[in-house]
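What the coordinates show
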Amino acid sequence: LEWSPSGNPAAAAGGEGELGRMGLLAAACADGAIRVWALPRVADLAGLAASAGAVALWFRLTPARLLRASAAAGLPLCL
């Protein structure tokens, strides 16, 4: 796992109807892929929960990026 709190400030601020981003989390997974998630800011999640009338908010993120080694590029297929 690798955490990166920095990034594009414009994307991190969040646009109209988007959650702001507090950072990126990358994970090297057992299937050989590297998945990168853009994690939303806690304040934005709290606001979303409050607007839905929820006490707690559960969410599932899909990876913002999925990186895989390519045999065609001559890269090894293991991490």
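Everything discussed here concerns the structure shown above.
Let me begin by describing the structure that accompanies this report. (Residues numbered from 1 in each chain as written. Predicted model: local features only at pLDDT ≥ 70, side-chain atom pairs only at ≥ 80, totals over all residues. Heavy atoms only, no water.)

Before going further, it helps to spend a moment on the pattern of salt bridges. A complete count under the given rule lists 2 salt bridges for this structure. Among the salt bridges present, the one from Arg 35 reaches Asp 31, with a minimum N-O distance of 2.9 Å. Across the pair Arg 68 and Asp 31 runs a salt bridge whose closest N-O atoms are separated by 3.9 Å. Taken together, the residues Arg 68 in the segment after β4 (65–67) and Asp 31 in the loop between β2 (21–28) and β3 (34–40) connect sequence positions 37 residues apart. Assessed through its relative accessible area of 44%, Asp 31 is described here as partly exposed. Overlapping salt bridges, with partners in common, bring together Asp 31, Arg 35 and Arg 68 in one network. (Salt bridge = Lys/Arg side-chain N within 4 Å of Asp/Glu carboxyl O. Helix = DSSP H or I, 4+ residues; strand = E, 2+ residues; numbered from the N terminus. Buried < 20%, exposed > 50% of the residue type's maximum accessible area, 1.4 Å probe, protein only.)

This next bit is on the pairing of β2. Bridge count between strand β1 (residues 2–4) and β2: 3 bridges; the pairing is antiparallel. Bridge pairing in β2 links Trp 3 to Leu 25. In the sheet, β2 pairs with β3 via 7 bridges, with the strands oriented antiparallel. Within β3, the position partnered with Gly 23 by the bridge is Leu 39. With antiparallel pairing between neighbouring strands as the criterion, β2 and β3 make up a hairpin whose turn holds 5 residues, including Gly 32 at a positive phi of roughly 90°. (Pairing = 2+ DSSP bridges.)

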